[in-house]
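Read off the chains here:
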There are 2 protein chains.
Amino acid sequence: MQTPWEHRFAHRTEGMKSSFIRELLKVTDQPDMISFGGGFPAAEIFPIDRVRAACDKVLTEKGRKALQYTTTEGYAPLREWVARDAKKMGINISLDNILITTGSQQALDFVGRIFINRGDRVLTESPTYLGAIQAWNAYGPHYVTVDTDEDGMLTDQLEQLVATNIKFMYVLPNFQNPMGVTLSHTRRKQIVEIANRHGVPIVEDDPYGKLLFEGEPIPPLCVIDEEYHSNQDGCYSGNVIYTSTLSKILAPGLRIGWVIAPPQVNKKMVQAKQGADLQSSTFDQYVAYELVKDEWLNEHIELIKKVYKERRDAMLNAFEKYMPEGTTWTKPAGGLFLWLRLPDGCDTVKLFPMAVEEKVAYVPGEPFYPNGGPTNTMRMNVSASKPEVIDEGVRRLANIVRRCTMPAIRYPRTRE
Amino acid sequence: MQTPWEHRFAHRTEGMKSSFIRELLKVTDQPDMISFGGGFPAAEIFPIDRVRAACDKVLTEKGRKALQYTTTEGYAPLREWVARDAKKMGINISLDNILITTGSQQALDFVGRIFINRGDRVLTESPTYLGAIQAWNAYGPHYVTVDTDEDGMLTDQLEQLVATNIKFMYVLPNFQNPMGVTLSHTRRKQIVEIANRHGVPIVEDDPYGKLLFEGEPIPPLCVIDEEYHSNQDGCYSGNVIYTSTLSKILAPGLRIGWVIAPPQVNKKMVQAKQGADLQSSTFDQYVAYELVKDEWLNEHIELIKKVYKERRDAMLNAFEKYMPEGTTWTKPAGGLFLWLRLPDGCDTVKLFPMAVEEKVAYVPGEPFYPNGGPTNTMRMNVSASKPEVIDEGVRRLANIVRRCTMPAIRYPRTRE
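Keep in mind that what you see is a predicted model, and the values were worked out from it rather than measured.

*Asks:* Can you walk me through the overall build of chain A in this structure?
*Replies:* Helix and strand content of chain A: 13 helices and 14 strands. Its C-alpha atoms give chain A a radius of gyration of 22 Å, within 12% of the compact-globule value 22 Å for 416 residues. By residue count, 64% of the 416 residues in chain A fall in the buried class. Partitioning the intrachain contacts of chain A with sequence separation of at least 6 by distance along the chain shows that 75% fall at a separation of at least 24.

Have a look at this one:
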């Protein structure tokens, strides 16, 4: 039955759906639940005392400014920090390249807003970040997908696909959400080269890059891309739109992200932001700047890496210990997620209620495939649970998985 | 010459322009400048010590939660406060009616996102809030405008216009930005009645309503509208989408706004927010809740009203004292703005560089008319300058105005 409102909604709302993950997390918010579902950082290592000291300093020294409106582009010292941080990654940028956003999610929304006409072809990994799909669906793109393996997005078919009128390609190079895999240096170079040759922009989403547990960091695509373009007066004018965030290295509740883009794109982003919310929280930007501006942040990142690495290892060990044969998983070198593939025939959406009953939760993998995909995958978060909890949670989960591998009783027939 | 990026931008970006006001404010950010341009609250009465105490309390008692992700809908206690506040205005709402947004600007963007198809007819006051026009232009509406006088939006032609396939009408009932006028009770009732009869939703934008200097408050349109609808279990299911903010009664830098909408609309708003930025700052929501939850907020609002009333009076007095004959202005009963109309033939855009030279700034009025309008108007902010500064600023401005009323030397011929 049509409500009085439905006929009034704009066509684009048909593409807008409630976030599967966010709805699912409501179910899992119960005592005794072990949740590998969310992408929550470990709250027990949030630098609460540091944040308190930063709030104090900001309010004492600059209270009037920190509580007032500021420029849409963002608090200048924080943008300068973004530029210094980019320089450490290997790229020279100027303030004209930088916009502070409300998390990198907002940067993705703006990418959709300024680039996607209904029906435009957008190239993504498969699976890819669900939040990007959700942001862009309102703009009505057609997704062209490329499979992803342990070395990230496959490049062997890329050139053919890129030649088919692609508006932009979307890449998560480091510890990709949802799979946790890292795009190899060779493939990064191939992707950047192909993108430049065909004049197709790259949107590089890098929220986890600093959380590398082992091995050497690989340059981001924007750094590789800089070789293809003349940098004018320290201003990046290349082919990559890069976004990152403080959510995973400081605190997601502050909602501080940023986007680095060529000046013409940044100008459009700023216009989009003016219309969208005028600016991100002045106060959070001031507080965040106090926290990131000196060496302490690096120490804190080392702590996060240490804790998450232990948890990743705990999960890998628990998989080895408990998971039935035929189950495979990725072995991320960093970040917050692992990707589990169950034996053929196991459906992780159908298993989900059984898991919740056993007080363990995950995110079924199918929604991460923009055009649909296998139903026997799941995303597992490693950051939010302690090692012993991870062990117990994986044990419970393995019992569920084992049930689905026994054909006769694969799924309960009826459920009340 | 086309840049390599321009041909890639989506069609909707053609409607996106840099905010005239935000660009203008960059010019006026000079020492000795007296600016009546921005809509800045008075920073010298920001409750800095209270904010510091709130940060301290939040971090001490709930630090882990306050720095973590929270639900898209917003921090539940803050939403409960919105419900209590609405009840004081005279309307029963439930949490299913409420979404916390990044300022009320974001609520306006979401209105555009979920309602406006390209070419849809949107009815607005003329002049109206520039930020709404800017947010909606990306969605390509056609504006149908209604003139505004000292009693707000005119209603005598409204019925005819509303019958012409209007998607929604947009009303700022209290101390309207830019004119400072208040929509009369009689007209509010007429507008709500017409809107319900024709099934046209009302978007009610009320950032200043609590800043009433004198006289009795008039019920918001959503309260009047409730009579037309059955309220189910305390959930509002009427025809009005109401938005407000803490920006003008607490601090704009925290970027806390909210929207009250029927549940079907709220659900779409939540989906829009998930795609747009997942959620507003958890930390700012926790801190804001500590500040608004008890009676202190009312005391603080009394202080703001006292200060702004003095400033409004100072400006009205200065107009009387300095402005040449033929200049008229509104006499707002609250809020942050006055509207000045210069003698015919004075062009406030052309006068602007002369004013800046004399170290005084305002916002030219023409951009506030969605379909164009008179060029001899300007918006004057009363909240950001002390009475003696207002007097001096108006004196300078009156000298400029006087120049433009002398025909022979109306504008300088050439300017270097």
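*Asks:* What is the right way to look at the sheet that holds strand β11 (residues 337–341) of chain A in this model?
*Replies:* Where strands meet in a sheet, backbone hydrogen bonds hold them as pairs that are either parallel or antiparallel. Residue and element names in this part refer to chain A. Strand order in the open sheet made by the four strands is β10-β11-β14-β13, with antiparallel pairing throughout. Taken across any chain shown, the strands that pair with only one partner, and hence form the sheet edges, are β10 (328–329) and β13 (363–364). Pairing geometry for β11 and strand β14 (residues 377–381), over five bridges, is antiparallel. Within the sheet, the bridge partner assigned to tryptophan 339 lies in β14 and is arginine 379.

*Asks:* Honestly, helix α2 (residues 48–66) of chain A in this entry has me stumped. Any pointers?
*Replies:* In an α-helix there are 3.6 residues to a turn, and that puts residues three or four apart on one side. Here α2 of chain A is 19 residues long, yet its end C-alpha atoms lie only 19 Å apart, well below the 27 Å a rise of 1.5 Å per residue gives. In the core, the buried residues of α2 of chain A are packed alongside α10 (282–292) of chain A together with α2 (48–66) and α10 (282–292) of chain B.

*Asks:* Sorry if this is basic, but what is going on with the state of the cysteines here?
*Replies:* As used in these notes, a disulfide is a covalent bond between sulfur atoms, one from each of two cysteines. All names here are of chain A. Scanning all chains against the criterion turns up two disulfides over all chains. Here cysteine 346 engages in a disulfide with cysteine 404; their sulfurs sit 1.9 Å apart. Between cysteine 346 and cysteine 404, the S-S torsion sits near 85°, and that sign places the bridge as right-handed. With cysteine 346 in the loop between β11 and α12 (348–357) and cysteine 404 in helix α13 (residues 387–404), this residue pair connects regions lying 58 residues apart in the sequence. Assessed through its relative accessible area of 1%, cysteine 346 is described here as buried. Distance from the sulfur of cysteine 235, which forms no disulfide, to the nearest cysteine sulfur (cysteine 222) is 13 Å.

*Asks:* Looking at this structure, how should I read the packing of aromatic side chains?
*Replies:* Aromatic ring pairs are reported here in terms of the distance separating the ring centres and the angle at which the planes meet. Scanning all chains against the criterion turns up 29 aromatic pairs over all chains. Between tryptophan 136 of chain A and tyrosine 170 of chain A, the ring centres sit 4.9 Å apart and the planes meet at 80°, which makes this aromatic pair edge-to-face. Of this pair, tryptophan 136 of chain A sits in helix α5 (residues 130–137) while tyrosine 170 of chain A sits in strand β6 (residues 166–171), placing them 34 residues apart in sequence. The exposure class of tryptophan 136 of chain A is buried, given its relative accessible area of 0%. Both rings, one in tryptophan 339 of chain A and one in phenylalanine 368 of chain A, keep their centres 5.9 Å apart while their planes meet at 90°; by these two values the pair is edge-to-face. Of this pair, tryptophan 339 of chain A sits in strand β11 while phenylalanine 368 of chain A sits in the loop between β13 and β14, placing them 29 residues apart in sequence. Grouping residues by exposure puts tryptophan 339 of chain A and phenylalanine 368 of chain A together as buried. Members of the aromatic cluster, connected to one another through ring pairs, are Trp5 and Phe9 of chain A together with Phe115, Trp136, Phe168 and Tyr170 of chain B.

*Asks:* Explanation requested: the nonpolar core in the structure shown.
*Replies:* Within soluble globular proteins, side chains that are nonpolar tend to cluster in buried spots. One finds Phe283 of chain A together with Phe283 of chain B to be the most contacted residues of the largest nonpolar core, which totals 146 residues. Apart from the residues within four sequence positions on either side, phenylalanine 283 of chain B is in contact with Cys55, Gly253, Leu254, Phe283 and Asp284 of chain A together with Cys55, Val58, Leu59, Ala66 and Leu67 of chain B.

*Asks:* Help me out: how do you make sense of the side chain of serine 184 of chain B in this one?
*Replies:* All names here are of chain B. Mapping serine 184 onto the fold places it in the loop between β6 (166–171) and α7 (185–198). At 3.2 Å, the side chain of serine 184 forms a polar contact with the backbone nitrogen of arginine 187. Once residues lying within four places of it in the same chain are set aside, the contact partners of serine 184 are Asp151 and Ile218.

*Asks:* It is not clear to me how the interface of chain B and chain A should be interpreted in this structure. Could you clarify?
*Replies:* By a widely used convention, the size of an interface equals the accessible area lost when the partners come together. Opposite the 84 residues of chain B that make contact, chain A presents 84 residues. Summed over both sides, the interface between chain B and chain A buries roughly 7300 Å², with carbon and sulfur atoms accounting for 56% of that surface. Run the count over chain B and chain A and you get four salt bridges. With a closest N to O distance of 3.7 Å, arginine 52 of chain B and aspartate 56 of chain A form a salt bridge. Where the side of chain B that touches chain A is concerned, the elements lending two or more residues are α1 (20–28), α2, α4 (103–115), α5 (130–137), α9 (263–277) and α10 of chain B.

*Asks:* What is the right way to read the sheet that holds strand β8 (residues 240–245) of chain B from this model?
*Replies:* Residue and element names in this part refer to chain B. Taken in spatial order, the eight strands make up an open sheet running β2-β9-β8-β7-β6-β3-β4-β5, and their pairing is mixed. Here the strands that pair on one side only, and so sit at the sheet edges, are β2 (98–102) and β5 (152–153). Against the sheet, α4 contacts β2, β6, β7 (202–205), β8 and β9 (256–260), and its axis sits at roughly 115° relative to β2.

*Asks:* What's the story with the relation of the copies chain B and chain A in this structure? I'm lost.
*Replies:* For the pair of chain copies, the relating operation is a rotation around an axis with a shift along it. Of the transformation placing chain B onto chain A, the axial shift is 0.0 Å and the rotation is 180°, giving an RMSD of 0.0 Å. Considering both components of the superposition, the chain copies are consistent with a two-fold axis. Residues of chain B ranked by C-alpha distance from the rotation axis are headed by cysteine 55 of chain B, positioned 3.5 Å from it.

*Asks:* Can you walk me through the pairing of β9 of chain B in this structure?
*Replies:* On a regular strand, each side chain points to the face opposite its neighbour's, so the side chains alternate between the two faces of the sheet. All names here are of chain B. Along β9, five of the five residues are buried, which leaves the element largely enclosed by surrounding structure. Burial of the side chains of β9 extends over both faces: Ile256, Trp258 and Ile260 are buried on one face and Gly257 and Val259 on the other. In this sheet, β9 lies alongside β2 in antiparallel orientation, the contact comprising five bridges. Bridging across to β9, threonine 102 finds its partner in isoleucine 256.

*Asks:* Just to check I follow, could you spell out the domain arrangement of chain A for this structure?
*Replies:* All names here are of chain A. We note that the domain assignment places domain 1 (6–46 + 298–409) and domain 2 (69–295) within chain A. Each of domain 1 and domain 2 has a C-alpha centre, and these two points are 25 Å apart. Across the boundary between the two partners, domain 1 contributes 37 residues, which contact 33 residues of domain 2. Overall, the association of domain 1 and domain 2 removes approximately 3100 Å² of surface from exposure, summing both partners, and the carbon and sulfur fraction of that is 62%. Interface area lost by domain 1 to domain 2 is led by Ala333, Phe368 and Pro370, which between them contribute 18%. For the pair domain 1 and domain 2, the number of links is one salt bridge. A salt bridge links glutamate 214 to arginine 312; its shortest N-O distance comes to 2.4 Å.

*Asks:* What is the right way to read the pattern of salt bridges from this model?
*Replies:* Pairs can form between side chains of opposite charge once their charged atoms are near each other. This model, assessed by the stated rule, comprises 48 salt bridges over all chains. Between glutamate 290 of chain A and lysine 62 of chain A there is a salt bridge whose closest N-O contact spans 3.4 Å. In this pair, glutamate 290 of chain A sits in helix α10 while lysine 62 of chain A sits in helix α2, placing the two residues 228 residues apart along the sequence. The buried category is assigned to glutamate 290 of chain A, whose relative accessible area is 10%. The partner of arginine 113 of chain B in a salt bridge is aspartate 109 of chain A, with the nearest N and O atoms 2.8 Å apart. Of this pair, arginine 113 of chain B sits in helix α4 while aspartate 109 of chain A sits in helix α4 (residues 103–115), each in a different chain.

*Asks:* Help me understand the packing of α4 of chain B against α9 of chain B in this model?
*Replies:* Any two packed helices are characterised by how steeply their axes cross, that is the angle between the axes, and by the distance between the axes. All names here are of chain B. Closest axis-to-axis distance for the α4/α9 pair is 10 Å, and the angle between their directions is 110°. Classified by the angle between their axes, α4 and α9 sit roughly perpendicular to one another. Residues Gln106, Ala107, Phe110, Val111, Arg113, Ile114 and Phe115 of α4 pack against Val265, Lys268, Met269, Ala272, Lys273, Ala276 and Asp277 of α9.

*Asks:* So what exactly am I meant to see when it comes to the pairing of strand β4 (residues 142–149) of chain B here?
*Replies:* Residues and elements named next belong to chain B. Of the pairings in the sheet, the one linking strand β3 (residues 121–126) to β4 comprises six bridges and is parallel in character. From the neighbouring strand, glutamate 125 faces β4, where its bridge partner is valine 146. Two elements, β4 and β5, share two bridges in a ladder whose sense is antiparallel. Across the sheet, residue threonine 148 finds its bridge partner in β5, namely methionine 153. The turn joining β4 and β5, which pair antiparallel and follow one another in sequence, is formed by two residues.

*Asks:* Before we go on, may I ask you to explain the confidence of the model for chain A in this structure?
*Replies:* The predicted coordinates of low-pLDDT regions are not to be read in fine detail. Residues with a pLDDT of 70 or more make up 96% of chain A, whose mean pLDDT is 94. Predicted complex metrics record ipTM = 0.95 and pTM = 0.95.

Rules behind the numbers
Residues numbered from 1 in each chain as written. Chains lettered and ligands numbered in written order. Predicted model: local features only at pLDDT ≥ 70, side-chain atom pairs only at ≥ 80, totals over all residues. Heavy atoms only, no water. Helix = DSSP H or I, 4+ residues; strand = E, 2+ residues; numbered from the N terminus. Rg over C-alpha atoms; globule rule 2.2 N^0.38 Å. Buried < 20%, exposed > 50% of the residue type's maximum accessible area, 1.4 Å probe, protein only. Contact = heavy atoms within 4.5 Å. Pairing = 2+ DSSP bridges. Expected span 1.5 Å × (residues − 1). Disulfide = S-S within 2.5 Å. Phe/Tyr/Trp six-rings, centres within 6.5 Å; stacked < 30°, edge-to-face > 60°. Core = buried A, V, L, I, M, F, W, Y, C linked by side-chain atoms within 4.5 Å. Polar contact = N/O pair within 3.5 Å; in protein donor to acceptor, adjacent residues only side chain to side chain. Buried area = accessible area lost by both parts, 1.4 Å probe. Salt bridge = Lys/Arg side-chain N within 4 Å of Asp/Glu carboxyl O. Axes fitted to C-alpha atoms, helices over the stretch in contact; angles between N-to-C directions. Least-squares fit on C-alpha atoms with pLDDT ≥ 70 in both. Domains from an automatic or database assignment. Parallel < 35°, antiparallel > 145°, perpendicular 65-115°, else oblique. pLDDT = per-residue confidence, 0-100.

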